[in-house]
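So the chains spell out like this:
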Amino acid sequence: MTNPTASALGRVSLFSGLDAHELEVIADVAQERQVSAGKVLTKQGAPGDEFFLIADGEVEIRQNGREIRRLGPGDHLGEIALVLGGKRTATAVAAQPSRLYVLAADAFMALLDRQPRIKAKVMTTVSERMRHRG
């Protein structure tokens, strides 16, 4: 695989088992974004319009101003608001300089429609995260 974005996406657990072509399709719609420490990615209560995959760095997840978890390389966030069509359930802040892959809502939903394995993993994550909410 020669596309560095596709190679990086292949290391994300959410995309395990996808072949090179499937990873290339995702890479075509994912935008790489470098963010500095302190950058707010999502705000609790705001509408959700992006899905984030963490390539490098660390993101702090806060609910009601309290840190509830930290995410790192290979983790993802932002799926709950997109899948359920509601507001962000938490605030996400880059805890250190981070490299992210970002999918806009329409690209994310199209990905779920085309990739049943990814959809199943995302739905499992949504279920687990909703069950453990503050």
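Residues numbered from 1 in each chain as written. Predicted model: local features only at pLDDT ≥ 70, side-chain atom pairs only at ≥ 80, totals over all residues. Heavy atoms only, no water.

Asks: Honestly, the pairing of strand E5 (residues 66-71) in this entry has me stumped. Any pointers?
Replies: Looking along a regular strand, one sees the side chains alternate between the two faces of the sheet. The pairing of strand E4 (residues 59-63) with E5 spans five bridges and is classified as antiparallel. Bridge pairing in E5 places Glu60 opposite Arg70. Counting the residues between successive antiparallel strands, the hairpin from E4 to E5 contains two residues, one of them, Asn64, with a positive phi of roughly 55°. (Pairing = 2+ DSSP bridges. Helix = DSSP H or I, 4+ residues; strand = E, 2+ residues; numbered from the N terminus.)

Asks: Hey, could you run me through the pairing of E4 in this one?
Replies: Among the five residues of E4, four are classified as buried, and the element is accordingly described as predominantly covered. Here E4 runs beside strand E7 (residues 91-94); their pairing, made up of four bridges, is antiparallel. Residue pairing for E7: Arg62 is matched across the bridge by Thr91. (Buried < 20%, exposed > 50% of the residue type's maximum accessible area, 1.4 Å probe, protein only.)

Asks: Teacher, can you tell me more about the nonpolar core here?
Replies: In globular proteins that are soluble, nonpolar side chains generally tend to be buried together. Ranked by internal contacts, the top residues of the largest apolar core, which has 25 residues, are Leu9, Leu14, Phe15, Leu53, Phe108, Ile118 and Val122. Those elements that provide at least two residues to this core are helix H1 (4-10), helix H2 (20-29), strand E3 (50-56), helix H3 (79-84), strand E8 (98-104), helix H4 (105-114) and helix H5 (116-131). Discounting chain neighbours no more than four positions away, the residues touching Val122 are Leu14, Glu79, Val83, Phe108 and Leu112. Membership of the second largest hydrophobic core comes to 13 residues, among which are Ile54, Ile61, Leu71 and Ala90. (Core = buried A, V, L, I, M, F, W, Y, C linked by side-chain atoms within 4.5 Å. Contact = heavy atoms within 4.5 Å.)

Asks: I'm lost on empty space enclosed by the protein in this one. Help?
Replies: Empty space left among the atoms is revealed by rolling a probe the size of a water molecule over them. Tallying each qualifying case throughout the model produces one cavity of 30 Å³ or more. What the largest cavity holds in volume is close to 200 Å³. Every residue lining the largest cavity is counted, 18 residues in all, and those nearest its centre are Ile61, Gly78, Ile80, Thr89 and Ala90. Among the elements of the structure, E4, E5, H3 and E7 are those that each provide at least two residues to the lining of the largest cavity. The class makeup of the residues in the lining of the largest cavity is eight nonpolar, five polar and five charged. (1 Å grid on protein atoms, 1.4 Å probe; cavity = no way out; pocket = protein on both sides within 12 Å on 5 of 7 lines; lining within 4 Å. Points joined across faces, edges and corners; volume = space filled by probe spheres on them. Nonpolar A, V, L, I, M, F, W, Y, C, P; charged D, E, K, R; others polar.)

Asks: What is the right way to read the pattern of salt bridges from this model?
Replies: Side chains that carry opposite charge are capable of pairing whenever their charged atoms lie near each other. In the structure shown here, the tally under the stated rule is six salt bridges. The residue Glu58 makes a salt bridge to Arg70 at a minimum N-O spacing of 2.9 Å. A residue pair is termed long-range when its members are at least 10 positions apart, and Glu58 in the loop between E3 and E4 and Arg70 in strand E5 qualify at twelve residues. Relative accessible area serves as the criterion here: at 39%, Arg70 is assigned to the partly exposed category. Arg62 serves as the salt-bridge partner of Glu60, at 2.4 Å between the closest nitrogen and oxygen. Connected through shared salt-bridge partners, Glu58, Glu60, Arg62, Glu67 and Arg70 make up one network. (Salt bridge = Lys/Arg side-chain N within 4 Å of Asp/Glu carboxyl O.)

Asks: For this particular structure, what's the right way to read the side chain of Thr42?
Replies: Within the element layout of this structure, Thr42 appears in strand E2 (residues 40-42). Thr42 gets classed as buried once you look at its relative accessible area, which sits at 6%. Engagement of the side chain of Thr42 in a polar contact is seen with the backbone oxygen of Ala90, the distance being 3.1 Å. Beyond its immediate stretch of four places on either side in the chain, Thr42 contacts Phe52, Leu77, Arg88, Ala90, Thr91 and Ala92. (Polar contact = N/O pair within 3.5 Å; in protein donor to acceptor, adjacent residues only side chain to side chain.)

These results come straight from atomic positions and should not be treated as a statement about function.
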